[in-house]
Amino acid sequence: MGSGQWHVEKRSTSFLKEYGAVSESRSLSIIVLGASGDLAKKKTFPALFNLYHQGFLNPDEVHIFGYARTKLSDQELRDKIRRYLVDEKNASENVEALSKFLQLIKYVSGPYDSEDGFKRLDKAISEHEISKKSSQGSSRRLFYLALPPSVYPPVCKMIKACCTNKSDVGGWTRIVVEKPFGKDLESAEQLSSQIGKLFDESQIYRIDHYLGKELVQNMLVLRFANRFFLPLWNRDNIANVQIVFREDFGTEGRGGYFDEYGIIRDIIQNHLLQAKSLPFDCLPWSSSFVTSDAFVVYIVNMFSVVQVLCLVAMEKPISLKPEHIRDEKVKVLQSVIPIKDEEVVLGQYEGYRDDPTVPNDSNTPTFATTILRIDNERWEGVPFILKAGKAMGSKKADIRIQFKDVPGDIFKCQKQGRNEFVIRLQPSEAMYMKLTVKQPGLEMQTVQSELDLSYKQRYQDVSIPEAYERLILDTIKGDQQHFVRRDELKAAWEIFTPLLHRIEKGEVKSIPYKPGSRGPTEADQLLEKAGYLQTHGYMWIPPTL
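Below is a summary of the structure that appears in this document. As the structure is a prediction and not an experimental result, all values here were calculated from the model.

With that out of the way, let us pick up the overall build of the protein chain. Counting secondary structure elements, the protein chain contains 17 helices and 16 strands. Classification of the 545 residues of the protein chain by burial places 56% in the buried group. Pairs at least 24 apart in sequence give 78% of the contacts found in the protein chain among residues at least 6 apart. When the accessible surface of the protein chain is totalled, it reaches about 23900 Å², and 50% of it is carbon and sulfur.

Let us look at empty space enclosed by the protein. One pass over the structure, following the stated rule, counts four cavities of 30 Å³ or more. Of the voids in this model, the largest cavity is the one considered here, and its volume is about 60 Å³. Tyr152, Val177, Phe181, Ala188, Leu191, Ser192, Ile195, Ile204, Arg206 and Leu489 are the residues that line the largest cavity. Counting residues per element, the ones that place at least two in the lining of the largest cavity are helix H7 (185-196) and strand E6 (204-207). When the residues that make up the lining of the largest cavity are grouped by side-chain class, the tally is eight nonpolar, one polar and one charged.

Counting residues in hydrophobic clusters, the biggest one holds 74 residues, and the most contacted among them are Leu33, Phe45, Phe118, Leu121, Phe143, Leu145 and Ile159. The leading source of residues in this core is helix H2 (residues 38-53), at eight residues. Beyond its immediate stretch of four places on either side in the chain, Leu121 contacts Ile31, Phe65, Tyr67, Val108, Phe143 and Cys163. Counting residues in each nonpolar core, the second largest holds 55 residues, with Ile243, Cys310, Ala388 and Ile399 among its members.

Another aspect to go through is the packing of aromatic side chains. For the structure on display, the rule yields 13 aromatic pairs. Note on Phe229 and Trp233: the rings are 5.5 Å apart at their centroids and 80° apart in plane angle, and the pair reads as edge-to-face. On the basis of relative accessibility, which here comes to 3%, the residue Trp233 falls in the buried class. Of the aromatic side chains, those joined through ring pairs into one cluster are Phe228, Phe229, Trp233 and Phe421. Across the ring face of Phe199, the terminal group of Lys160 is positioned such that the distance to the ring centre comes to 5.6 Å. Sitting above the plane of the Trp172 ring, Arg174 keeps its charged end 3.9 Å from the centroid.

Let's shift gears to the pattern of salt bridges. The tally for this structure, following the rule as stated, stands at 28 salt bridges. For Glu61, the salt bridge goes to Arg140, with nearest N and O atoms at 3.2 Å. One end of the pair, Glu61, is in the loop between H2 and strand E2 (62-68); the other, Arg140, is in strand E4 (residues 140-145), and 79 residues separate them in sequence. As far as burial versus exposure is concerned, Glu61 and Arg140 are alike and both buried. Here Lys331 ties to Glu328 by a salt bridge, and the two come within 3.3 Å at their closest N and O atoms. Taken as a pair, Lys331 and Glu328 lie in helix H13 (residues 322-334) at a separation of three residues, close to a single helical turn. Sharing partners across several salt bridges, the network here consists of Lys396, Asp398, Arg400, Glu420, Arg424 and Lys434.

A separate point is the packing of H2 against helix H3 (residues 74-85). Between H2 and H3, whose axes approach to 9 Å, the crossing angle comes to 80°. Here H3 runs roughly perpendicular to H2, going by the angle between their axes. Contact residues: Lys41, Lys42, Phe45, Pro46 and Phe49 in H2; Leu77, Ile81, Tyr84 and Leu85 in H3. Residues belonging to the contact of H2 with H3 are distributed by class as follows: seven nonpolar, no polar and two charged.

On to a nonpolar patch on the surface. Where nonpolar side chains cluster on the molecular surface, the patch consists of Ile410, Phe411 and Met444 and spans about 380 Å² of accessible area. Relative to the assigned elements, Phe411 resides in the loop between strand E11 (396-403) and strand E12 (420-426). Look at Phe411 and you get partly exposed, because its relative accessible area is 48%.

Strands sit in the order E14-E13-E12-E11-E7-E10-E9-E8-E16 across an open sheet of nine strands; the sheet is mixed. Looking at the sheet topology across the chains shown, the edges are occupied by strand E14 (446-454) and strand E16 (510-513). Shown here is a sheet whose adjacent strand axes are inclined to one another by a mean of 20°, direction ignored. Pairing analysis gives six bridges linking E11 to E12, with the strands arranged antiparallel.

For Ile81, the location among the structural elements is in helix H3. Residue classification places Ile81 among the buried residues on the basis of a relative accessible area of 0%. Filtering out sequence-adjacent residues up to four positions away, Ile81 remains in contact with Lys41, Phe45, Leu102 and Ile105.

Turning our eyes to something else, we now look at the pairing of strand E10 (residues 383-389). Most of E10 is tucked away, with seven of its seven residues classed as buried. Burial along E10 is two-sided: Pro383, Ile385, Lys387 and Gly389 facing one way and Phe384, Leu386 and Ala388 facing the other are all buried. Bridging between strand E7 (residues 238-246) and E10 involves six bridges; their strand directions are parallel. Note on E10: the bridge partner recorded for Val241 is Phe384. In the sheet, strand E9 (residues 367-373) pairs with E10 via seven bridges, with the strands oriented antiparallel. The residue bridging Phe367 from the neighbouring strand is Gly389, located in E10.

Bringing H3 into the picture now. Its 12 residues give H3 an end-to-end C-alpha distance of 16 Å, which sits within 8% of 16 Å, the value for a rise of 1.5 Å per residue. When H3 is considered as a whole, its buried residues turn out to be Leu77, Arg78, Ile81 and Leu85. Looking straight down H3, one finds its buried side chains confined to an arc of 95°; they lie on one side. Buried residues in H3 make contact with H2, E2, helix H4 (95-102) and strand E3 (105-109).

What follows is about the packing of H3 against H4. For the pair H3 and H4, the least separation of the axes is 11 Å and the interaxial angle reads 145°. Relative to H4, H3 is oriented so that their crossing is right-handed. On H4, the residues touching Arg78, Ile81, Arg82 and Leu85 of H3 are Leu98, Phe101 and Leu102.

Calculation criteria
- Residues numbered from 1 in each chain as written.
- Predicted model: local features only at pLDDT ≥ 70, side-chain atom pairs only at ≥ 80, totals over all residues.
- Heavy atoms only, no water.
- Helix = DSSP H or I, 4+ residues; strand = E, 2+ residues; numbered from the N terminus.
- Buried < 20%, exposed > 50% of the residue type's maximum accessible area, 1.4 Å probe, protein only.
- Contact = heavy atoms within 4.5 Å.
- Areas by Shrake-Rupley, 256 points an atom, 1.4 Å probe, with all protein chains shown as cover.
- 1 Å grid on protein atoms, 1.4 Å probe; cavity = no way out; pocket = protein on both sides within 12 Å on 5 of 7 lines; lining within 4 Å.
- Points joined across faces, edges and corners; volume = space filled by probe spheres on them.
- Nonpolar A, V, L, I, M, F, W, Y, C, P; charged D, E, K, R; others polar.
- Core = buried A, V, L, I, M, F, W, Y, C linked by side-chain atoms within 4.5 Å.
- Phe/Tyr/Trp six-rings, centres within 6.5 Å; stacked < 30°, edge-to-face > 60°.
- Lys NZ or Arg CZ within 6 Å of the ring centre and 35° of its normal.
- Salt bridge = Lys/Arg side-chain N within 4 Å of Asp/Glu carboxyl O.
- Axes fitted to C-alpha atoms, helices over the stretch in contact; angles between N-to-C directions.
- Parallel < 35°, antiparallel > 145°, perpendicular 65-115°, else oblique.
- Patch = residues over 30% accessible without salt bridge, like charges linked within 9 Å, V, L, I, M, F, W, Y side chains within 5 Å.
- Pairing = 2+ DSSP bridges.
- Expected span 1.5 Å × (residues − 1).
- Arc of directions from axis to C-beta.
- Left-handed = near helix turned anticlockwise from the far one by under 90°.

Okay, here's the thing in structure tokens:
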């Protein structure tokens, strides 16, 4: 510290201190269903390799199995995923680790609705467990469903019938499922019921990628470990809250796919899951899930934004136990009042219909702004503004808390803008507080500036874990804090389903907007009506090293 340099622990120690080595002296089998698809090769397998490379997966205990309909050999699957596991610039440094990791992977092909393939999968898993001298029932089996939701029920049925531990003497079977969890309240409850009949809630891990991001996970610490936030975080001081996801590109040749699934689901597939599409190997989609109404998918994917909202708005839990945290999140959702049609703006960027795969009369939104209102003592009267869009003027994801005006403006500086606390989720992870200060010089003039914590500058020696690494590790450790509970899922759908049904009747239309803009002007008008004051003449610039 004497040199003036901040001391930070490197990831190899701090991350290990937080989680501990994942070693329980029992075999661990990780089964990736949909292993030949984009999500698996771009996110799931790379996350597993990083955990292995950092020492969180013991090679003497773990084995990884891929399962899909595509006919592949073990080596063909390894070759298929190899280039996604390491960057080219680091490939030479990781040759030995990569080779050893790939040898842990075995592939089994088979259908998703037949016992034959799953019995072969169970045989392969059992052979691994026997080789590790695991007693029956003591092994650990993690099934990661990198699949569309339409096949969750039959796959879970096959897992339950063929692949679970036959007895329980300390081992476990856990299921990880990806979003979307249904298309409305009825379908979500049906899906939950079908899976719930097969597995206990403690075995089901509904993964939400954004809940694994570093700055999202920082929310509870920021709110409840810093005294100066405690008296400010309420309706007396906060004017409004925005949660924004923007992309600066359009559908880029994926118009047909996008037109069927819509803005926010596409954000989950690309922005949250970082996978451009699920493989045709995972199809067919069930007719009960697929819908031509794109706003259905807007609602499905707005669920991710709502999860972030819960962390911003929840009360302090009585402990850090997962159930106590999730209890508070549910209370937030149950306090949200019905959405008003006049507080929803949908948009579609000009040129979207030029894609030959998009219908000429498509009303699919590529932009949406929705206002949620929470009816409780802390947040009554504070609008929570949820925004998402494609082909926007910038690419970013952030949480923006705007504070109320200072009473008695003796400096006459309110026009310069309000205080804001901004949490930049991506790109360039950062937190900064916009505040008014005296401009240097002889005159008493004020200017907007910031207090800034930019992660790349402050934590130069720390590698921030990918969300999938953290969430998979949480699953192995049995920590459900960052996963969605069934009653939480139901409460979220209860918020959006009534609006969804009104949208399905064509009562709300998408408004055209120019690519590269902020979206429809009606959205800015809605924000102004909700009480948001935009700062003009100020722009946060990430500091350079």
